[in-house]
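Topology and contacts: notes
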Amino acid sequence: MREMFKDWVENRHERVRQWKDEHQKKTFGYLCCVAPEELIYAADILPMKLTGSSDPIEVVDKHVVHYACPYARSILDLAGRGVYDYLDGVLVCNTCDILSRCGYYWRTLVPREKETVLGVEMSPYVMFINHPEKISGRGVHDYLKGEYRIIKQQLEREQRMVIDDERLHKTIAIYNEHYDLMERFHEFRRKDPLVVSGSEAFEVEFSSLLMPKEEHNRLMASYLEELASRPTPAEKSLRLYLSGGGVDQFTYRIYHLIEECGAQIVAEDIGAAKSYVHRNISTDIEPLDAIVDHRLDVHCPHTMSAEYYPHKNDERWEFILESMAGTHIDGAIFFVPLYCECRNTEYPRLKDNFQERLGVPSLYLDSDYSHGSLNQAAAQIEAFVEMIQG
């Protein structure tokens with residue numbers, strides 16, 4: 001079963017193209033975990049998480065400054081090289097400075113002409129959401145709901161359909177089933193000794209951001225039965241927490257490097273669904289309101305609560321504690337893309353919290369998404385693991 005998840009991860013572009021050909025449906029890419037992929041799914045479009053790669057940069061240097069986030073530069077380079085030409089639309093969020101500008105860069109690198117009325121695109125190829133940095137407080141919910149209504153209207157025009165409450169309720173049911181299955185899956189990651197490696201968990205998580213949720217749910221149901229009967233390893237592994245990095249092939253390689261050094265990632269704070277989503281979508285309120293509330297509960301490094309500093313850092317720390325509850329970690333690795341202002345700003349305080357509150361050592365890795373940085377990371381990880389093991 002693992003091979004099916006792994007195949008979608010390692011051959012994601014081919015698998016999505018194949019799915020489109022078989023089902024004759026559209027695919028929209030989105031750049032950030034705060035994107036309301038449920039709205040895309042309700043429009044009978046496959047939402048797909050956009051990711052970069054470790055391939056050398058070829059075309060984006062002409063457009064994007066060198067000191068921009070290498071994760072975003074890698075995604076834009078793939079777009080400029082035509083790798084993402086199979087997409088029918090792209091959803092951009094203002095998660096950080098570079099991502100907020102990706103709408104302009106994408107239109108420049110991948111120009112598409114769409115139907116216009118009085119010079120205005122009714123269903124633009126590149127859509128944009130202003131996601132509030134402050135995720136609590138007066139007016140936040142209504143503001144984001146207004147943003148979602150605009151996206152919903154654009155999707156309705158694209159598909160020539162009405163995304164009514166019935167469609168949203170069906171989508172919410174599918175996504176809640178997914179969250180339930182993933183929570184059951186993460187129970188296996190808390191076991192000691194581990195029955196699921198970090199790289200295997202990443203494949204399961206990553207593939208869920210690429211394939212249709214209904215298909216992933218069917219696979220997960222069988223996969224969980226398989227895990228329940230999997231024998232427990234005789235030896236224990238060093239248990240690590242991973243913070244930072246993007247959801248892509250480069251971070252996937254970091255998981256493998258850590259395992260080659262004799263350790264395992266048992267929990268993480270990266271841009272994947274389970275990393276940021278710890279509860280189901282409410283079924284007790286209007287569906288669009290429920291989706292808005294759900295996304296406002298995403299505590300990524302660029303968000304803050306209505307409380308003033310330093311409470312914002314405490315809120316992030318409480319979220320991180322929740323994400324690794326029951327995992328009994330021995331150390332933490334901060335894997336940060338070079339020039340990432342969001343991750344680098346919070347790193348000093350989080351590092352101190354791990355050390356002072358948990359007595360857990362940490363390792364800082366930055367990367368420019370080159371193979372050379374992988375070699376450097378391998379040496380640092382090996383030394384870190386040896387230090388903890390004594």
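Procedures and definitions
- Residues numbered from 1 in each chain as written.
- Predicted model: local features only at pLDDT ≥ 70, side-chain atom pairs only at ≥ 80, totals over all residues.
- Heavy atoms only, no water.
- Helix = DSSP H or I, 4+ residues; strand = E, 2+ residues; numbered from the N terminus.
- Rg over C-alpha atoms; globule rule 2.2 N^0.38 Å.
- Buried < 20%, exposed > 50% of the residue type's maximum accessible area, 1.4 Å probe, protein only.
- Contact = heavy atoms within 4.5 Å.
- Pairing = 2+ DSSP bridges.
- Axes fitted to C-alpha atoms, helices over the stretch in contact; angles between N-to-C directions.
- Salt bridge = Lys/Arg side-chain N within 4 Å of Asp/Glu carboxyl O.
- Phe/Tyr/Trp six-rings, centres within 6.5 Å; stacked < 30°, edge-to-face > 60°.
- Expected span 1.5 Å × (residues − 1).
- Arc of directions from axis to C-beta.
- Polar contact = N/O pair within 3.5 Å; in protein donor to acceptor, adjacent residues only side chain to side chain.
- Core = buried A, V, L, I, M, F, W, Y, C linked by side-chain atoms within 4.5 Å.
- Right-handed = clockwise from strand over helix to strand, strands pointing away.

Observations concerning the overall build of the protein chain
For the protein chain, the count of helices and strands is 16 helices and ten strands. For 390 residues, the compact-globule estimate of 2.2 N^0.38 gives 21 Å, and the protein chain sits close to it at 20 Å. The buried share among the 390 residues of the protein chain stands at 57%. Expressed as a percentage of contacts within the protein chain between residues at least 6 apart in sequence, the contacts between residues at least 24 apart total 74%.

Brief notes about the environment of Thr 283
Note on placement: Thr 283 falls in the loop between α12 (273-276) and α13 (287-295). Each C-alpha atom of the pair Thr 283 and Asp 180 lies 14 Å from the other, and the pair is 103 residues apart in sequence. Apart from residues lying up to four places away in sequence, Thr 283 is in contact with Ile 172 and Asn 176.

Let's talk about the sheet that holds strand β6 (residues 126-129)
Paired through backbone hydrogen bonds, the strands of a sheet run either parallel or antiparallel to each other. Here four strands make up an open sheet; going across it, the order is β2-β1-β3-β6 and the pairing parallel. Single-partner strands in this sheet number two, and they are β2 (46-49) and β6. Across the sheet, the mean angle separating the axes of adjacent strands is 25° when strand polarity is ignored.

Topic: the pattern of salt bridges
Counted under the stated rule, the structure contains 29 salt bridges. The closest approach of N and O atoms between Asp 77 and Arg 81, which form a salt bridge, is 3.3 Å. A residue is classified by how much of its surface remains accessible, and Arg 81, at 29% relative accessible area, is partly exposed. Residue Glu 346 pairs with Arg 316 through a salt bridge whose shortest N-O separation is 2.8 Å. Within this pair, whereas Glu 346 is found in helix α15 (residues 341-358), its partner Arg 316 is found in helix α14 (residues 311-323), the two being separated by 30 residues in sequence. The exposure class of Arg 316 is buried, given its relative accessible area of 1%.

Overview of the packing of aromatic side chains
One pair of aromatic rings is described through two measures. These are the centre distance and the angle between the planes. Using the criterion set out here, one finds 16 aromatic pairs in the structure. With a centroid separation of 4.8 Å and an interplanar angle of 40°, the aromatic rings of Phe 202 and Tyr 255 are classed as tilted. Taken together, the positions of Phe 202 in helix α9 (residues 198-208) and Tyr 255 in helix α11 (residues 249-260) put the pair 53 residues apart, joining distant regions of the chain. Given the relative accessible area of 3%, Phe 202 is considered buried. In this structure Tyr 255 comes out as buried when scored by relative accessible area, which is 1%.

Considerations on the sheet that holds strand β8 (residues 263-269)
Spatially, β8-β7-β9-β10 is the arrangement adopted by the four strands of the open sheet, whose pairing is parallel. This sheet does not close on itself; its edge strands, each paired only once, are β8 and β10 (362-367). Here the strands of the sheet are splayed against their neighbours by 25° on average, with no regard to which way each runs. When strand β7 (residues 238-243) meets β8, the two strands line up parallel, connected through six bridges. Each residue of the ladder has a partner; that of Arg 239, found in β8, is Gln 264.

Some thoughts on helix α2 (residues 12-23)
Between its first and last C-alpha, α2 extends 16 Å over twelve residues, near the 16 Å set by a 1.5 Å rise per residue. Taken as a whole, α2 has its buried residues at Arg 12, His 13, Arg 15, Val 16, Trp 19 and Lys 20. Along α2, the residues classed as buried sweep out an arc of 165° about the axis, all on the same side. Exposed side of α2, more than 90 degrees from the buried face: Asp 21 and Glu 22 are the residues found there. Residues of α2 that are buried sit in contact with α1 (2-10), β1 (27-30), β2, α9, α10 (213-228) and α11.

With respect to the environment of Ser 243
Along the chain, Ser 243 falls in strand β7. Taking the C-alpha atoms as reference, Ser 243 lies 14 Å from Leu 338; in sequence the two are 95 residues apart. Excluding residues within four positions of it along the chain, Ser 243 makes contact with Asp 269, Ile 333, Phe 334, Phe 335 and Arg 343. Here Asp 269 takes part through its side chain, which lies 3.5 Å from a polar atom of the side chain of Ser 243.

Observations concerning the nonpolar core
Counting residues in each nonpolar core, the largest one holds 132 residues, and the members touching the most others are Trp 106, Leu 155, Phe 185 and Phe 354. Top contributing element to this core by residue count: helix α8 (residues 165-189), with nine residues. Excluding residues that lie within four positions of it along the chain, Trp 106 makes contacts with Leu 50, Ile 75, Leu 76, Ala 79, Tyr 84, Leu 87, Val 90, Pro 111, Tyr 125 and Val 126.

Regarding α13
Here α13 lies mainly inside the structure; eight of its nine residues are buried. Burial in α13 covers these residues: Pro 287, Leu 288, Asp 289, Ala 290, Ile 291, Val 292, His 294 and Arg 295. Elements that come into contact with the buried residues of α13 comprise α3 (37-42), α7 (140-159) and α8.

Re the pairing of β8
Where a strand is regular, its side chains alternate between the two sheet faces. Burial within β8 is extensive, with seven of its seven residues counted as buried. Handedness of the β-α-β unit built from β7, α11 and β8 comes out right-handed.

A look at the side chain of Asn 353
Relative to the assigned elements, Asn 353 resides in helix α15. Judged by relative accessible area, Asn 353 falls into the buried class, the value being 5%. Sequence-distant contacts of Asn 353, that is, excluding residues within four places in its chain, are made with Trp 317 and Leu 358.

Regarding unusual backbone geometry
Omega for the bond connecting Asp 192 with Pro 193 falls within 30 degrees of zero, at 5°, which places this linkage in the cis form. Note on placement: Pro 193 falls in the loop between α8 and α9. Its identity is not glycine, yet Asp 44 carries a phi of approximately 65°, on the positive side. You can see Asp 44 is positioned in the loop between α3 and β2. Residue classification places Asp 44 among the partly exposed residues on the basis of a relative accessible area of 33%.

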